[in-house]
Amino acid sequence: MIEVRNLVKRYGDNVAVDHLNFTVQEGRITGFLGPNGAGKSTTMNMITGYLAPNEGTVVIDGHDIMEEPEEAKRCIGYLPELPPLYPEMTVREYLDFVSELKSIPKSHREEEVDRVLEEARIADMERRLIRNLSKGYCQRVGLAQAILGNPKILILDEPTVGLDPKQIIEIRELMKNLGKKHTVLLSSHILTEVSAVCDYVMILSHGKMAASDTPENLSRLTQGSNILDLTVKGAMGTIVSAVGMLQEIQDVQYQMSEEKDCVDVKIKTNPEADIREAVFYKMSELKCPILKMQYSSLSLEDVFLELTQDEMEDEIPREELVSEENESIPEKWEEEKGEEDHESDI
């Protein structure tokens, strides 16, 4: 349904999208995952025809976006990160206006607007000014304009950014329902967002594809190793030598611990291996007490952080990527919620 071939976008010396190739299959909800600055929005803008690539092609349902822009864009409903709303209009006036822009026949416009009002669950807001709506309802209006005309493809750029937890759940349910009728490409930097909604995941880093697969297969990939975190009392050289004698180790990291005269050790092992007993006996032989031992499997967060590590160090802290609480609750939520409760009719 969407074919991206060798896509490149440069801003001066900065390469935002670097020879990107992928395909979005019909009927799927595909997640576009990556930290801020990874190139997600730039790629989406090129897919929709808002930006021209320096190199490469985008084909939408058989139509090249540069050579057949009108035919390609008829297949797309687009919700940018900031919905293109007119605050002085009522919800219905705005959707009537968008339906005219999309060349929906006049005889069908009222029926089509009624349909999207119901699908976006904003029928009770149709006569309210957009400027009086909460952030959550503005996102719903943005989704409603995207699905006007019943396009085959929906492209949604960070559709839940800035929403409170209740609104996020509601928008996710709405996206799942839309996925039953449309092919959806959804960008996000929130891992739980993609896991909860998407059938297929693409992870972008530095404008390149870092990984792509189903959420289940990516989860299996993350479970390909186990992690053993230790704090051991003893000399660094002694501990390094002892760990080096152990079998089934994929990787190991050492650093001086905050605990006095201790070393922190992080050991990555094969998924079948459980080396806790071997570690215990080896350290006992050397009279190096183990003050902490924590065993865990890698999570989806870990593989994401590993694939995008360099970029994320420059862009955003881990908390923003893996915590819905930090990402989704706006600073003025209570104030916004109060405004919603006191919205007035026209």
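Model, not experiment: these values are computed from the prediction.

Q: Sorry if this is basic, but what is going on with the overall build of the protein here?
A: Looking only at helices and strands, the protein has 15 helices and 14 strands in total. The buried share of the protein, reckoned over its 346 residues, is 45%. Looking at the protein as shown, the accessible area adds up to about 17,500 Å², and 46% of this sits on carbon and sulfur atoms.

Q: Please explain the pattern of salt bridges as it appears in this structure.
A: Note that side chains of opposite charge can pair when their charged atoms are close. As enumerated under the stated definition, the model contains 16 salt bridges in all. When the shortest N-O distance is used, the salt bridge between D18 and K208 registers 3.5 Å. Of the two residues, D18 is situated in strand β2 (residues 14-24) and K208 in strand β10 (residues 208-213); the sequence distance between them amounts to 190 residues. Under the relative-accessibility criterion, D18 is labelled partly exposed at 21%. Its salt-bridge partner being E173, residue K176 comes within 3.7 Å of it at the nearest N-O pair. Taken together, the residues K176 and E173, both in helix α6 (residues 165-178) and 3 residues apart, mark about one turn of the helix. Beyond isolated ion pairs, a larger network of salt bridges with shared partners links E112, R115, E119 and K181.

Q: Sorry, what's going on with the pairing of strand β7 (residues 153-157) here?
A: Note on strand geometry: in a regular strand, side chains alternate between the two faces of the sheet. Where burial is concerned, most of β7 is hidden: 5 out of the 5 residues are buried. Here β7 shows no split at all, with I153, I155 and D157 on one side and L154 and L156 on the other all buried. In terms of strand pairing, β7 meets strand β8 (residues 183-188) through 5 bridges, oriented parallel. Across the sheet, residue L156 finds its bridge partner in β8, namely L186.

Q: What is the right way to read the sheet that holds strand β9 (residues 200-205) from this model?
A: Strand pairs in the sheet, formed through backbone hydrogen bonds, run parallel or antiparallel to each other. Spatial strand order, β6-β7-β8-β3-β9-β10: 6 strands in an open sheet with mixed pairing. Each having just a single partner strand, β6 (76-79) and β10 make up the two edges of the open sheet. Direction aside, the axes of adjacent strands within the sheet are offset by 15° on average. Along the sheet, helix α5 (residues 135-147) contacts β6 and β7; its crossing angle with β6, the most-contacted strand, is approximately 165°.

Q: It is not clear to me how the sheet that holds strand β1 (residues 2-11) should be interpreted in this structure. Could you clarify?
A: Pairing is antiparallel across the open sheet formed by 4 strands, whose spatial order is β2-β1-β4-β5. At either end of the open sheet lies a strand with only one pairing partner, and these are β2 and β5 (63-64). Here β1 pairs with β2 via 7 bridges, running antiparallel. Residue pairing in the sheet places I2 in a bridge with V24 of β2. Sitting on the sheet, helix α1 (residues 40-47) is in contact with β1, β2 and β4 (55-60), with an inclination near 120° to β1.

Q: When you look at unusual backbone geometry in this model, what are you seeing that I'm missing?
A: Excluding glycine, residues mostly carry a negative phi; peptide bonds, for their part, are mostly trans. Positioned with a positive phi, D61 is a non-glycine residue whose angle comes to about 50°. With respect to the helices and strands, the residue D61 is situated in the loop between β4 and β5. Judged by relative accessible area, D61 falls into the partly exposed class, the value being 28%. One non-glycine residue, H206, lies in positive phi territory at about 55°. Structurally, the position occupied by H206 is in the loop between β9 and β10.

Q: Explanation requested: the packing of α5 against α6 in the structure shown.
A: How two helices sit against one another is set out by the angle between their axes and by the gap between those axes. One can describe the packing of α5 onto α6 by two numbers: an axis separation of 10 Å at closest approach and a directional angle of 10°. The angle between α5 and α6 places the two elements in the roughly parallel class. Read as a crossing pair, α5 and α6 show a hand that is right-handed. Facing G136, Q139, R140, L143 and I147 of α5, the residues of α6 in contact are Q167, E170, I171, L174 and L178. In the contact of α5 with α6, the residues fall into 5 nonpolar, 3 polar and 2 charged.

Q: What is the right way to look at the packing of aromatic side chains in this model?
A: In this description, a pair of aromatic rings is defined by centroid distance and the angle of the planes. Evaluation of the coordinates by the stated rule reveals 5 aromatic pairs. With 5.4 Å between their ring centres and 55° between their planes, Y50 and Y78 make a pair best called tilted. Within this pair, whereas Y50 is found in the loop between α1 and β4, its partner Y78 is found in strand β6, the two being separated by 28 residues in sequence. Classification of Y50 as exposed rests on a relative accessible area of 61%. Measuring from centroid to centroid gives 5.5 Å for F280 and Y281, while their planes differ by 70°, and the two rings are edge-to-face. Here the aromatic residues Y86, Y94 and F97 are joined through ring pairs into a cluster of three or more. Sitting over the ring of Y295, R276 keeps its end group 4.3 Å from the ring centre.

Rules behind the numbers
Here the residue numbers are simple positions, counted from 1 along each chain's written sequence. In keeping with the model being predicted, local features are shown solely for residues with a pLDDT of at least 70 and side-chain atom pairs are shown and tallied solely at 80 or more, while totals for entire chains, interfaces and linings include all residues. Heavy atoms from the whole structure form the basis of all side-chain values; hydrogens and water molecules are not counted. Numbering of helices and strands starts at the N terminus; helices are DSSP runs of H or I of at least 4 residues and strands are runs of E of at least 2. Note on exposure labels: buried denotes an accessible area under 20% of the residue type's maximum, exposed denotes more than 50%, and partly exposed covers the range between, all computed with a 1.4 Å probe on protein chains only. For accessible areas, the Shrake-Rupley method is used with a probe of radius 1.4 Å. Any residue's cover is judged against the shown protein chains and nothing else. Each salt bridge in this description consists of a side-chain nitrogen of Lys or Arg and a carboxyl oxygen of Asp or Glu lying within 4 Å of one another. Here, a strand pair is defined by DSSP locating no fewer than two bridges between the strands. Helix axes are fitted only over the stretch in contact, all axes being lines through C-alpha atoms; the angle between N-to-C directions runs from 0 to 180 degrees. Note on contacts: a residue pair is in contact if any heavy atoms of the two residues lie within 4.5 Å. Should an angle fall under 35 degrees it is taken as roughly parallel, and over 145 as roughly antiparallel, whereas 65 to 115 is taken as roughly perpendicular and any remaining angle as oblique. By the definition used in this description, the sense in which the near helix is turned from the far one sets the handedness, with an anticlockwise turn below a right angle giving left-handed and a clockwise turn giving right-handed. Note on residue classes: Ala, Val, Leu, Ile, Met, Phe, Trp, Tyr, Cys and Pro are nonpolar, Asp, Glu, Lys and Arg are charged, and everything else, Gly too, is polar. Only Phe, Tyr and Trp rings are paired, with Trp represented by its six-membered ring, and only when their centres lie within 6.5 Å; those with planes under 30 degrees apart are stacked, over 60 edge-to-face, the remainder tilted. By definition here, charges over rings are those cases where NZ of Lys or CZ of Arg is within 6 Å of the ring centre and within 35 degrees of the ring normal.

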